2 protein chains.
Amino acid sequence: MTTRVQLLKEYQELNESSHSTVDGPVSPLEFMRMVHTSRPVLFQNCPLPLRQEWTDEYLATTVGEIDVSVTPDGRADALVDIDDKTYFAEPLVERMSMKDFLTRLDSNDHTNEILYLQSQNDNLDYGSRSDTGDFARIRTDIPPDIHWASAALGRQPDAVNIWIGSDKSVTSVHSDPYENVYAVIRGAKIFTLFPPTEGWCLQEREYPHARWIRDSSGQLCLKPTADQTVRWSSIRDPTDPPPLTRPVTVLVRRGEMLYLPAGWWHYVQQVSNRTIAVNYWYDLEYQGHNWLFLSYLRSLGLSDEK
Amino acid sequence: MTTRVQLLKEYQELNESSHSTVDGPVSPLEFMRMVHTSRPVLFQNCPLPLRQEWTDEYLATTVGEIDVSVTPDGRADALVDIDDKTYFAEPLVERMSMKDFLTRLDSNDHTNEILYLQSQNDNLDYGSRSDTGDFARIRTDIPPDIHWASAALGRQPDAVNIWIGSDKSVTSVHSDPYENVYAVIRGAKIFTLFPPTEGWCLQEREYPHARWIRDSSGQLCLKPTADQTVRWSSIRDPTDPPPLTRPVTVLVRRGEMLYLPAGWWHYVQQVSNRTIAVNYWYDLEYQGHNWLFLSYLRSLGLSDEK
């Protein structure tokens, strides 16, 4: 048995293919134990203390212009086949008003373009607390951190992001080097999760980079980026699990939060036409050997025999 | 570069070859962070609350008969060469009074035998709290656990042991699957520590098992055990560090405690003629992938090319 198959099987023997569920928030110590165990946890009855309900009307009147990801298929940061070649494609990013964005999210307009607000760049911008960010006026509606997570880890989040989309948008499978606390504010999301030991089954490969642009007629078309590649999973639909894997599926509903441990692979679907979420990314611990193992496990996916 | 060399070097790049030092006890949350980071920590000004000072006189009059390890060289559970063959040798265990033990510890008697109280079998026996254990009468002098460690890990120690010896006894290099809090009560100990990533440099091999016994003339001699082998490090003196390793050396003095993370390799010397210590072994976390990595790293030491 190869090393990577052995590690995968030993992990599966020691760990169930399910997440645990906790009622309400936990103490910093309890959360720190969860981080050490590095297993996904669903927090129920644990809503963010929203000062204002984020209705469409409230968002449209309070938020101004925003950056929106535009793709033909709802898959931003994902593999796309064009002319027998596979690219890693980043979305077109277009500036529009929140009001237009919400209206277009609902319309099946002729272009069939799929919109998703997913800038992932700390768009809630608590770090600088600038008054000029896109979401400066709704930022004060929600807490700048998850207090029990910050107290546990002894630091503030590295980034806080807001995500707004419909059930047409899907996040392709990947992993992040962050401890992630993911809170759903409206709608619901389904996470398909793979432990770090199963990452190699997701077949990361180097793909040429491309970006969706508008051509002269205004249609979306893919433009390859010269000499740039991105390492990305080859698995398009991990809800049909690759051989040997035992994914953990978690439905996270309004008022619930998911602790998604650093290094876990995740594929995210939205199951309502208006899903709004806020996630908190905390730096993981680089001291000790935890990060080292995550990095090693990821390297196992880059060759065919290990 | 082989996998094992790469992991060792990456660990050394991310981590200093030194321990951290903390003044006094810590909160359960702070300790939990230390366990997650899995790096050694020296707690200073953190004495055990001894109800009675453990003088020789007090121990001799309070404790009755005890099991003592007897070897010709002070190395119990260690490699011994006899007739061009190397064995893993366990000590002779002899029953004697605490008074005789302490007297013989000081005397360079004609036999040159080295005595060490090191039964490692939960000899303080808090689990059963039986009234009949060897140390039942001094057990009440010290706490049954380190309260901030138990509160952090959410469990009581799996074993609590007392260790009494002179500077002639040395513990050969090995690792344990326990989070270890090691408190020195009299004297001092020097720990030579290797992170789990350097374990393969310590060259674990299978050695035939043997035990020290007394022959008909009363002399210690080594008796091989039929068909039994033990996996043990081939490195006799790791204070002369094997190639590539960067051991962490920690002097733990009276009134200090060492947090020795699970899976760290340790070699222990005593630097006073009467060193008394109590250690608390806590089960490590088997869920998640931490234990898996420790087990994998240990496996890297069993072959010559990995």
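Remember, it's a predicted structure, so these values are computed and weren't measured experimentally.

**Q** Is there a simple way to think about helix α4 (residues 98–106) of chain B in this case?
**A** Residues separated by three or four positions in an α-helix point in the same direction, a consequence of the helix having 3.6 residues per turn. All names here are of chain B. If you check which residues of α4 are buried, you get Met98, Phe101, Leu102 and Leu105. Projected down its long axis, α4 carries its buried residues within an arc of 95 degrees, all on one side. Residues of α4 that are buried make contact with α3 (56–62), β3 (65–71), β7 (92–97), β8 (114–117) and β9 (159–165).

**Q** Teacher, can you tell me more about the environment of Pro224 of chain B here?
**A** All names here are of chain B. Positionally, Pro224 belongs in strand β14 (residues 220–233). Along the backbone, Pro224 and Leu202 are 22 residues apart, and their C-alpha atoms lie at a distance of 24 Å. In contact with Pro224, not counting residues within four places along its chain, are Tyr87, His209 and Ala210.

**Q** Sorry if this is basic, but what is going on with the relation of the copies chain B and chain A here?
**A** Each of the two copies of the chain can be brought onto the other by a rotation about an axis and a shift along it. For the pair chain B and chain A, the relating rotation is 180 degrees, the translation along its axis is 0.0 Å, and the fit reaches an RMSD of 0.0 Å. Look at the turn and shift together and you get a two-fold axis relating the two. Here 100% of the interface residues in chain B have copies in chain A that are interface residues too; the copies meet face to matching face.

**Q** Would you take a moment to explain helix α2 (residues 28–37) of chain B for this structure?
**A** All names here are of chain B. When you tally the buried positions in α2, you get 7 out of 10 residues, the bulk of the element. When we look at burial in α2, the residues that qualify are Leu29, Phe31, Met32, Met34, Val35, His36 and Thr37. Immediately downstream of α2, the backbone of Ser38 shows phi near 60 degrees, a positive value.

**Q** Mind showing me how you'd approach the packing of helix α7 (residues 290–299) of chain A against helix α1 (residues 3–14) of chain B here?
**A** Packed helices, taken two at a time, are described by the angle between their axes plus the distance between the axes. Two elements in contact, α7 of chain A and α1 of chain B, have axes whose closest approach is 10 Å; the angle formed by their N-to-C orientations is 140 degrees. Comparing their axes, α1 of chain B and α7 of chain A come out oblique. When you trace α7 of chain A past α1 of chain B, the crossing you get is right-handed. Of the residues in α1 of chain B, those touching α7 of chain A at Trp291, Leu292, Ser295 and Tyr296 of chain A are Thr3, Leu7, Glu10, Tyr11 and Leu14 of chain B. Its residues assigned to classes, the contact of α7 of chain A with α1 of chain B comprises 6 nonpolar, 2 polar and 1 charged.

**Q** For this particular structure, what's the right way to read the nonpolar core?
**A** Soluble globular proteins tend to bury their nonpolar side chains together. Formed by 108 residues in total, the largest nonpolar core has its most connected members in Phe31, Phe43 and Phe101 of chain A together with Phe31, Phe43 and Phe101 of chain B. Setting aside its immediate chain neighbours within four residues, Phe31 of chain B contacts Val26, Phe43, Trp148, Ala149, Ala152, Leu153, Val181 and Tyr259 of chain B. Residues Leu42, Leu258 and Leu260 of chain A together with Tyr11 of chain B belong to the second largest nonpolar core, which totals 54 residues.

**Q** Would you take a moment to explain the pairing of strand β2 (residues 41–44) of chain A for this structure?
**A** Both faces of the sheet carry side chains from a regular strand, because those side chains alternate between them. Residues and elements named next belong to chain A. Bridge count between strand β1 (residues 20–23) and β2: 4 bridges; the pairing is parallel. Across the sheet, Val22 pairs through a bridge with Phe43, a residue of β2. With helix α2 (residues 28–37) bridging β1 and its parallel neighbour β2, the resulting β-α-β unit is right-handed. Here β2 pairs with strand β16 (residues 257–260) via 3 bridges, running antiparallel. Each bridged residue has a counterpart across the sheet, and for Phe43 the counterpart in β16 is Met257.

**Q** Mind showing me how you'd approach the pairing of strand β13 (residues 204–214) of chain A here?
**A** Residue and element names in this part refer to chain A. Bridge count for strand β6 (residues 85–90) against β13 is 3 bridges, and the pairing is parallel. Across the sheet, residue Phe88 finds its bridge partner in β13, namely His209. Hairpin connection between β13 and strand β14 (residues 220–233): a loop of 5 residues separates the two successive antiparallel strands, and Gly218 in this loop has a positive phi of roughly 90 degrees.

**Q** Got a minute to help me understand the interface of chain B and chain A in this structure?
**A** Reports often express the size of an interface as the amount of accessible area lost when the parts come together. Facing the 33 residues of chain B at the interface are 33 residues of chain A. Note on chain B versus chain A: buried area summed over both sides is about 3100 Å², and carbon and sulfur give 65% of it. Of all residues in chain B, His36, His289 and Leu292 of chain B give up the largest surface area on contact with chain A, accounting jointly for 25% of the area buried on that side. Taken together, chain B and chain A are joined by 12 residue pairs in polar contact (both at pLDDT 80 or more). Contributions of two or more residues to the side of chain B that touches chain A are made by α1, α2, α6 (147–153) and α7 (290–299) of chain B. Here the side of chain B that touches chain A is composed, by residue class, of 17 nonpolar, 12 polar and 4 charged.

**Q** What exactly am I supposed to notice about the pattern of salt bridges here?
**A** Residues and elements named next belong to chain A. Tallying each qualifying case throughout the model produces 30 salt bridges over all chains. Put simply, Arg214 and Glu94 hold a salt bridge, and the shortest N to O gap is 2.7 Å. Taken as a pair, Arg214 in strand β13 and Glu94 in strand β7 (residues 92–97) lie far apart in primary sequence, 120 residues in all. Notably, a salt bridge pairs Glu113 with Arg214, separated by 2.5 Å at the nearest N-O pair. Pair noted here: Glu113 is in the loop between α4 (98–106) and β8 (114–117) and Arg214 is in strand β13, with a separation of 101 residues, a long-range link. On the basis of relative accessible area, Glu113 is assigned to the buried category, the value being 11%. Here Arg214 falls in the partly exposed class, since its relative accessible area comes to 28%. Each of Asp56, Asp106, Arg186 and Arg274 takes part in one network of salt bridges that share partners.

**Q** Looking at this model, I keep getting lost on unusual backbone geometry. Mind explaining?
**A** Across the chain, the bulk of peptide bonds are trans and the bulk of non-glycine residues have phi less than zero. All names here are of chain A. Phi angles above zero are rare outside glycine, and Asp77 is one such case at about 50 degrees. Residue position: Asp77 is located in the loop between β4 (75–76) and β5 (78–82). Of note in this structure, Leu244 is not a glycine but carries a positive phi near 80 degrees. Along the polypeptide, Leu244 turns up in the loop between β14 and β15 (248–253).

**Q** I keep staring at the side chain of Asp77 of chain A and nothing clicks. Help me out?
**A** As a buried residue without a salt bridge, Asp77 of chain A has its nearest oppositely charged side chain in Arg211 of chain A, at a separation of 7.1 Å. The contacts of Asp77 of chain A, once residues within four sequence positions are left out, are Phe88, Ala89, Glu90, Pro91, Gln118, Gln120, Ser172 and Trp232 of chain A.

**Q** Mind showing me how you'd approach the confidence of the model for chain A here?
**A** Averaged over every residue, the pLDDT of chain A is 93; the share at 70 or more is 95%. Predicted complex metrics record ipTM = 0.93 and pTM = 0.95.

**Q** I keep staring at the packing of aromatic side chains and nothing clicks. Help me out?
**A** Each aromatic ring pair is characterised by the separation of its centres together with the angle its planes make. Under the criterion given, the structure shown has 20 aromatic pairs over all chains. Ring centres of Tyr182 of chain A and Phe191 of chain A lie 5.0 Å apart, and the angle between their planes is 75 degrees; on these two criteria the pair is classed as edge-to-face. By the burial criterion, Tyr182 of chain A is buried, and Phe191 of chain A matches it. Taken together, a centroid distance of 5.0 Å and an interplanar angle of 75 degrees make the contact between Phe31 of chain B and Tyr259 of chain B edge-to-face.

About the cut-offs
Residue numbers run consecutively from 1 along every chain, following the written order of its sequence. As they are written, the chains are lettered A onward and the ligands numbered 1 onward, keeping that order. Residue-level local features of this predicted model are given only where pLDDT is at least 70; pairs of side-chain atoms are given and counted only at 80 or more, and the full residue set underlies all totals for whole chains, interfaces and linings. Excluding hydrogens and water, the side-chain figures rest on all heavy atoms present in the structure. Burial classes follow relative accessibility: with a 1.4 Å probe on protein chains only, a residue under 20% of its type's maximum area counts as buried, one over 50% as exposed, and anything between as partly exposed. Per the convention used, a helix needs a DSSP run of H or I reaching at least four residues, while a strand needs a run of E reaching at least two, with both numbered from the N terminus. The directions from the helix axis to the C-beta atoms are what the arc is built from. Contacts were defined at the residue level, with two residues in contact if any of their heavy atoms lie within 4.5 Å. Superposition of the copies used a least-squares fit over C-alpha atoms from residues whose pLDDT is at least 70 in both. In this analysis an axis means a line fitted to C-alpha atoms, helices contributing only their contacting stretch, and an angle means the value between N-to-C directions, from 0 to 180 degrees. Any angle between 65 and 115 degrees counts as roughly perpendicular, while under 35 counts as roughly parallel, over 145 as roughly antiparallel, and the rest as oblique. Left-handed is the label given to a crossing in which the near helix is rotated counterclockwise from the far helix by less than a right angle, and right-handed is the label when the rotation is clockwise. Classification used: nonpolar for Ala, Val, Leu, Ile, Met, Phe, Trp, Tyr, Cys and Pro, charged for Asp, Glu, Lys and Arg, polar for all others including Gly. Nonpolar core, defined: a set of buried Ala, Val, Leu, Ile, Met, Phe, Trp, Tyr and Cys residues in which side-chain atoms within 4.5 Å join the residues together. Only strands that DSSP links by at least two bridges are regarded as paired with each other. Seen with its strands pointing away from the viewer, a crossover is right-handed if its path from the first strand over the helix to the second goes clockwise. What gets called buried area is simply the loss in accessible area from a 1.4 Å probe that two parts show on being joined, summed for both. Distance and chemistry together define a polar contact, namely a pair of N or O atoms within 3.5 Å, with one atom able to donate a hydrogen and the other to accept it when in protein, and with adjacent residues in sequence counting only for side-chain atoms on both sides. Salt bridges are counted wherever a side-chain nitrogen of Lys or Arg sits within 4 Å of a carboxyl oxygen of Asp or Glu. In summary, the charge assignment counts Lys and Arg as positive and Asp and Glu as negative, without counting His or the chain termini. The predictor attaches a confidence to each residue, and that confidence, scored 0 to 100, is pLDDT. Each aromatic pair joins two rings of Phe, Tyr and Trp (for Trp, the six-membered one) with centres within 6.5 Å, and gets the label stacked for planes under 30 degrees apart, edge-to-face for over 60, and tilted for any other angle.

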